[in-house]
Number of protein chains: 2
Amino acid sequence: MKEVHLFYAPQIEISPLLPADEASHAIRVLRLRQGDPLLVTNGKGLCFDCRIASLSGKSCEVEIIKELKVERTWLSGIHIAIAPTKQMERMEWMTEKATELGVDSITFIESKNSERRTIKTERIEKTAVAAMKQSHKAVKPIISDMIKMNELISTPFEGQKFIAHCYDFDSAEKGTSLHSHISSAKPFLFDLIAPKRDSLVLIGPEGDFSIDEVKQAEAMGFKSVSLGNNRLRTETAALSAIMMMQIKKANIHATSL
Amino acid sequence: MKEVHLFYAPQIEISPLLPADEASHAIRVLRLRQGDPLLVTNGKGLCFDCRIASLSGKSCEVEIIKELKVERTWLSGIHIAIAPTKQMERMEWMTEKATELGVDSITFIESKNSERRTIKTERIEKTAVAAMKQSHKAVKPIISDMIKMNELISTPFEGQKFIAHCYDFDSAEKGTSLHSHISSAKPFLFDLIAPKRDSLVLIGPEGDFSIDEVKQAEAMGFKSVSLGNNRLRTETAALSAIMMMQIKKANIHATSL
């Protein structure tokens, strides 16, 4: 059975024309023809079984046959905010994997030890769209521009708020897995995630959040958590947090956890 | 506090000389001097507090001060076998992240729908060593060459054996998250992982294992599992499986799961 491809057209409910880059992909790469089936999502949860109505030059018009019932496969919101790495490739890779696994939003933080003060979210958006289509999802993660740490922690969020970092305020030094025989005194994120409440996890830069930032976040209701005993790069930590949320909030787990 | 770097010297118990590339890194990149502290691991679970004893030209000799007690932070073996992707970059990313998260072995499978029939494990090894050092681990994952599927499933393994794939033998067609309203009939890998028994998970190529391969694996004691409702790329599926094993087998979870 020939694979039916998924296209992204945010305005599909208003206009039957595919966006230029999507049309180009349909015409020139996939060589679709009039009558060929395709799926079209608006990236906000709607997905339609469609057919190519007409193709000309650079434009492609579709005909909607029916709306598909699409359920998000996780029970509550999965949100991460991350201090971006200097290397954009790592953030693109993270965005691709986060989108495949399933994430509702990715926000970039400007924190004291951030490796970057600005980020071109355009590249991140393209990566998210491509991953959404490849993984047959109907929801594109919302990608937010850089926001300063103090603004982020003051932004209202209805749900669980967590901040991951390496400090143990009970002991004077940062432990590393080679030197510390004391497990982190912070609770393990996985244990705290609620299946049915939205969750937000803050992931710091390689140099970690500053102690002040952690204290301020805690004062704003963020709970300090550990991601486990391993020393993870920023982008790996983000995926680790997303995986934990995916497991706890998975629909198939409604009764067993 | 200046960071103490971790070096990889598989023969450290026999010879105090760092391997050539490690020596080069110490001398030319980090510019270490006589008396400077460093950590050295043999990649097989031993790690030593050392000092630079002498440097000359391209060689670097260390003095072992003491052996550090290093505990693996997961309770039982985490093993994956994966049909490698055509793009080596994806396998390198996966190896880096798998090593950061913690994995005991990565084996490459030649399966019916594999995108690759051969793989240069040398590049994968370099990635694993670099990630081991960066993440301050004392154990390097064992990287195994390509092995044919039928040989792999016949190789004795003392522990749990799982095979992840997209078939539901109860229903005729493969479900995708956009079309199928029936959750996979296969059990969820996360639910089956035992904290204290070694576990091996087989991850197929983008085109999945063949039905015959799955049936043969099941006949050899592999349990068919689902990795959840999301459609994951090969390398993402591998990391997802490793994350699940890390959570279930984490030392800090000895009592709570």
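Visitor: So what about the packing of aromatic side chains? Which residues, and what values?
Guide: Enumeration over the complete set of coordinates arrives at 4 aromatic pairs over all chains. Ring plane angle 20° and centroid distance 5.2 Å describe the contact between Trp93(A) and Trp93(B), whose orientation is recorded as stacked. Of the two residues, Trp93(A) is situated in helix H2 (residues 88–101) and Trp93(B) in helix H2 (residues 88–101); the pairing between them involves two chains. Taking the centre distance of 5.5 Å and the plane angle of 50° together, the rings of Phe190(A) and Phe190(B) count as tilted. Taken together, the positions of Phe190(A) in helix H5 (residues 189–192) and Phe190(B) in helix H5 (residues 189–192) put the pair across two chains.

Visitor: Outline the interface of chain A and chain B, supporting the account with residue identities and numerical values.
Guide: Accessible area lost upon the coming together of the parts serves often as the stated size of an interface. Between chain A and chain B, the residue contacts involve 46 residues of the former and 47 residues of the latter. Summed over both partners, the interface of chain A with chain B buries about 4,300 Å², with 58% contributed by carbon and sulfur atoms. Applying the counting rule to chain A against chain B returns 8 salt bridges. Of the charged contacts, one joins Arg90(B) and Glu96(A) as a salt bridge, the two residues approaching to 2.9 Å between their closest N and O atoms. Counting across the chain A and chain B interface gives 20 residue pairs in polar contact (both at pLDDT 80 or more). Looking at the side of chain A that touches chain B, the elements that each hand over two or more residues are strand E3 (47–56), H2, H5 and helix H7 (234–249) of chain A. Class assignment of the residues belonging to the side of chain A that touches chain B gives a composition of 17 nonpolar, 16 polar and 13 charged.

Definitions and cut-offs
Residues numbered from 1 in each chain as written. Chains lettered and ligands numbered in written order. Predicted model: local features only at pLDDT ≥ 70, side-chain atom pairs only at ≥ 80, totals over all residues. Heavy atoms only, no water. Phe/Tyr/Trp six-rings, centres within 6.5 Å; stacked < 30°, edge-to-face > 60°. Helix = DSSP H or I, 4+ residues; strand = E, 2+ residues; numbered from the N terminus. Contact = heavy atoms within 4.5 Å. Buried area = accessible area lost by both parts, 1.4 Å probe. Salt bridge = Lys/Arg side-chain N within 4 Å of Asp/Glu carboxyl O. Polar contact = N/O pair within 3.5 Å; in protein donor to acceptor, adjacent residues only side chain to side chain. Nonpolar A, V, L, I, M, F, W, Y, C, P; charged D, E, K, R; others polar.

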